[in-house]
Amino acid sequence: MLTTHFIDGAPNWIDVGATDLDSAISFYGGLFGWTFQSAGPDAGGYGFFQLNGRTVAGGMQTDGQQSPPTWTVYFQSPDADATARATAQAHGTVVVPPMDVMAQGRMALLADEAGVPFGIWQPGERKGLDAANEPGALGWVELYTADVAAAAAFYRSALGLETSAVTFPGGTYTCVNPADAGEETMFGGIVPLAADPTETGAHWLPYFEVTDTDVVVSDARNLGGTVRMSATDIPGVGRIAKLADPFGARFAVIRSEQREG
């Protein structure tokens, strides 16, 4: 599972773009109890969602023309320029070339060979998120794609990730972790689009931990969000639901089974 002891290849940052940032701040504040802190006048409106003083995500205003409102998952890279080159060599796309973010770190926006956007973050003064795998913070990510094998090969080449199959009643689940770091560093999975009619179009989907999935589903609806999949129990995993914010950015929530009781 995710922790804040980030290792290369694992997610270490996440942010959301919204066409109305003030409304997004209100939505996520009502849903997760997040507050928002601007990154300052030189950050172009970018800022940090915080929970109890710890940063759990980033947020920014977008015009909605270049790309729809979405959550973007960033993976830790020891060398953003080398990862961008590896992405291109693996038939991915460098959407925004590596660039320094003041002294905070170096980032780039990329896309895999299926066109799925993702980011990389090479830590500087900012190492990553301040909280993970606890209520109100990122706990898991999933890649929905039409070709699991091709996606696994791409992310192995670009980010040094490896996959493993976990069996469950009715099928298998493809887990992802940084290569050579051990299965205890699993942070997500790769899911065939055909297996889940809830999801359309290849994309990365973040899961946020919550204390009560049903309450969050009700709150999301009342706050103007969309319930894409009602609260559902997954044996051995927990109770999950799939949502979208008022602008269409997709995400999911989970009360992990380890938190039950």
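Here the structure is a predicted model, which means the values were calculated and not measured. (Residues numbered from 1 in each chain as written. Predicted model: local features only at pLDDT ≥ 70, side-chain atom pairs only at ≥ 80, totals over all residues. Heavy atoms only, no water.)

Caption draft 1: View of the layout of surface pockets. Roughly 1,000 Å³ of volume is contained in the largest pocket. What lines the largest pocket is a set of 32 residues, and nearest its centre among them are W140, E142, Y173, I234 and V237. Counting only elements with at least two residues in the lining of the largest pocket, the list comes to β9 (138-145), β10 (161-168), β11 (171-178), β12 (188-192), β13 (203-209), β14 (226-234), β15 (238-244) and β16 (250-256). Classifying every residue of the lining of the largest pocket by side-chain character gives 21 nonpolar, six polar and five charged. Counted as a void, the second largest pocket has a volume near 850 Å³. The wall of the second largest pocket is formed by 33 residues, among which M60, S67, P68, T70 and T72 lie closest to the centre. (1 Å grid on protein atoms, 1.4 Å probe; cavity = no way out; pocket = protein on both sides within 12 Å on 5 of 7 lines; lining within 4 Å. Points joined across faces, edges and corners; volume = space filled by probe spheres on them. Helix = DSSP H or I, 4+ residues; strand = E, 2+ residues; numbered from the N terminus. Nonpolar A, V, L, I, M, F, W, Y, C, P; charged D, E, K, R; others polar.)

Caption draft 2: Structural view of the side chain of T185. Position of T185 among the secondary structure elements: in the loop between β11 and β12. Given a relative accessible area of 17%, T185 falls into the buried group. If sequence neighbours within four positions are ignored, T185 has contacts with I7, V176, N177 and P178. (Buried < 20%, exposed > 50% of the residue type's maximum accessible area, 1.4 Å probe, protein only. Contact = heavy atoms within 4.5 Å.)

Caption draft 3: Local environment of the packing of helix α1 (residues 21-32) against helix α4 (residues 213-222). Two elements in contact, α1 and α4, have axes whose closest approach is 9 Å; the angle formed by their N-to-C orientations is 155 degrees. Accordingly, the angle class assigned to the pair α1 and α4 is roughly antiparallel. Of the two possible hands of crossing, α1 and α4 adopt the one that is right-handed. Residue-level inspection shows F27, L31 and F32 of α1 in contact with α4, the latter providing V216, D219 and A220. Classifying every residue of the contact of α1 with α4 gives five nonpolar, no polar and one charged. (Axes fitted to C-alpha atoms, helices over the stretch in contact; angles between N-to-C directions. Parallel < 35°, antiparallel > 145°, perpendicular 65-115°, else oblique. Left-handed = near helix turned anticlockwise from the far one by under 90°.)

Caption draft 4: Molecular detail of the sheet that holds β16. The sheet built from eight strands is open, its strands ordered β10-β11-β12-β9-β13-β16-β15-β14 with mixed pairing. Unpaired on one side and paired on the other, β10 and β14 mark the two borders of the sheet. Taking each pair of neighbouring strands and ignoring which way they run, the sheet shows an average axis angle of 25 degrees. Pairing geometry for β9 and β13, over six bridges, is antiparallel. Residue pairing for β13: E142 is matched across the bridge by L205. Those strands touched by α1 are β13, β15 and β16, and its axis lies near 10 degrees from that of β16. (Pairing = 2+ DSSP bridges.)

Caption draft 5: Focus on helix α2 (residues 80-89). Taken as a whole, α2 has its buried residues at A80, T83, A84, A86 and T87. Projected onto a plane normal to the axis of α2, the buried residues spread over an arc of 160 degrees and lie on a single side. One side-chain oxygen at the N-terminal end of α2 lies 3.1 Å from the backbone nitrogen of D81; it belongs to D79. One or two steps after α2, the chain reaches H91, where phi turns positive at roughly 75 degrees. (Arc of directions from axis to C-beta. Polar contact = N/O pair within 3.5 Å; in protein donor to acceptor, adjacent residues only side chain to side chain.)

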